[in-house]
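Topology and contacts: notes
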Amino acid sequence: DTAVSQTPKYLVTQMGNDKSIKCEQNLGHDTMYWYKQDSKKFLKIMFSYNNKELIINETVPNRFSPKSPDKAHLNLHINSLELGDSAVYFCASSQVPTGGTGELFFGEGSRLTVL
Amino acid sequence: QKEVEQDPGPLSVPEGAIVSLNCTYSNSAFQYFMWYRQYSRKGPELLMYTYSSGNKEDGRFTAQVDKSSKYISLFIRDSQPSDSATYLCAIPQGGKLIFGQGTELSVKP
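Values in this document were obtained by computation on a predicted structure and should not be read as measured data. (Residues numbered from 1 in each chain as written. Chains lettered and ligands numbered in written order. Predicted model: local features only at pLDDT ≥ 70, side-chain atom pairs only at ≥ 80, totals over all residues. Heavy atoms only, no water.)

1. Description of the pairing of strand 10 (residues 96-99) of chain B
For clarity, the cut-off: Exposure classes here rest on a 1.4 Å probe applied to the protein chains alone. A residue is buried below 20% of its type maximum, exposed above 50%, and partly exposed in between. Each helix is a run of DSSP H or I of at least 4 residues and each strand a run of E of at least 2, with the numbering of both proceeding from the N terminus. Pairing between two strands requires that DSSP report at least two bridges joining them.
Both faces of strand 10 of chain B are covered, namely the face carrying Lys-96 and Ile-98 of chain B and the face carrying Leu-97 and Phe-99 of chain B. The hairpin formed by strand 9 (residues 85-93) of chain B and strand 10 of chain B contains two residues between the paired strands, and Gly-94 of chain B there has a positive phi angle of roughly 60 degrees.

2. A short note on the side chain of Asp-85 of chain A
All names here are of chain A. Our working rule: N or O atoms within 3.5 Å of each other form a polar contact, as long as, within protein, one can give a hydrogen and the other can take it, and as long as residues adjacent in sequence are counted only when both atoms are side-chain atoms. Contacts are residue-level and defined by heavy atoms, with any inter-residue pair within 4.5 Å sufficient.
Residue placement: Asp-85 occurs in the loop between strand 8 (73-78) and strand 9 (87-94). One polar contact links Asp-85 to Arg-63, side chain to side chain, over a distance of 2.8 Å. Setting aside chain neighbours within four positions, we find Asp-85 in contact with Lys-36, Arg-63, Phe-64, Ile-78, Ser-80, Leu-112 and Val-114.

3. Topic: the sheet that holds strand 1 (residues 4-6) of chain B
Neighbouring strands of a sheet are bound in pairs by backbone hydrogen bonds; such pairs are parallel or else antiparallel. All names here are of chain B. Worth spelling out the cut-off: Lines fitted to C-alpha atoms define the axes here, with helix axes fitted over just the stretch in contact, and angles between the N-to-C directions of these axes take values from 0 to 180 degrees.
The strand order across the open sheet built from five strands is 1-3-8-7-6, with neighbouring strands paired in antiparallel fashion. This sheet does not close on itself; its edge strands, each paired only once, are strand 1 and strand 6 (54-58). Averaged over all adjacent pairs, the angle separating strand axes in this sheet is 15 degrees, with direction ignored. The sheet contact formed by strand 1 and strand 3 (residues 19-25) spans three bridges and is antiparallel. From the neighbouring strand, Gln-6 faces strand 3, where its bridge partner is Cys-23.

4. Focus: the sheet that holds strand 1 (residues 4-7) of chain A
Residue and element names in this part refer to chain A. Taken in spatial order, the four strands make up an open sheet running 1-3-8-7, and their pairing is antiparallel. Bordering the open sheet on either side are strand 1 and strand 7 (64-70), each of which pairs with just one other strand. Direction aside, the axes of adjacent strands within the sheet are offset by 15 degrees on average. In this sheet, strand 3 (residues 19-25) lies alongside strand 1 in antiparallel orientation, the contact comprising four bridges. By the bridge assignment for strand 3, Ser-5 is matched with Glu-24.

Structure below.
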């Protein structure tokens with residue numbers, strides 16, 4: 001039973017389009033995240049939600065809109081896609097906002113290619 | 001200066017070799033240090049964590065922290081082809097994990 005699942009796993013789209021990625025976790029965690037991993041494997045936080053409330057917004061362009069309908073789900077909508085948005089987007093969850101042991105549980109990623 | 005820096009590699013070693021992966025960090029207040037492993041086309045998963053200075057061993061893996069030089073290391077003994085992955089150091093700070101750039105390791109049979 002997958003702990004953190006993301007859909008879709010692959011997206012290929014044209015510049016200017018809008019796309020969404022969905023994430024669900026069945027671990028009972030209160031905190032969920034979106035991370036972006038670039039082509040050089042650098043992993044950087046975008047957003048963090050704790051119990052549906054946005055707690056971290058890491059200077060991400062406002063074309064990116066996260067939404068958490070409940071604490072088990074976190075979605076990411078991207079408007080007006082640009083070439084530089086091509087990356088792998090990872091959803092993750094943790095029991096509490098990261099601290100202490102800092103263990104995050106990641107999904108398998110959604111690979112976005114913008115043409 | 002980045003908060004966490006890691007040699008991106010790639011690193012290629014023969015099976016059975018000892019592997020040393022390293023990161024440096026800038027903030028002396030950091031207390032927890034983590035290593036995540038990421039297989040190709042998968043999400044990262046926690047491998048080990050250490051608190052403050054010293055060593056922690058788990059099977060063939062040893063994590064080491066030197067707070068005086070702000071240096072963290074992961075050693076892999078008797079490396080196996082199944083260890084081929086990207087290894088990322090990570091430090092929790094301000095409700096998020098700050099990752100190093102990741103080192104891609106390939107262990108050749």
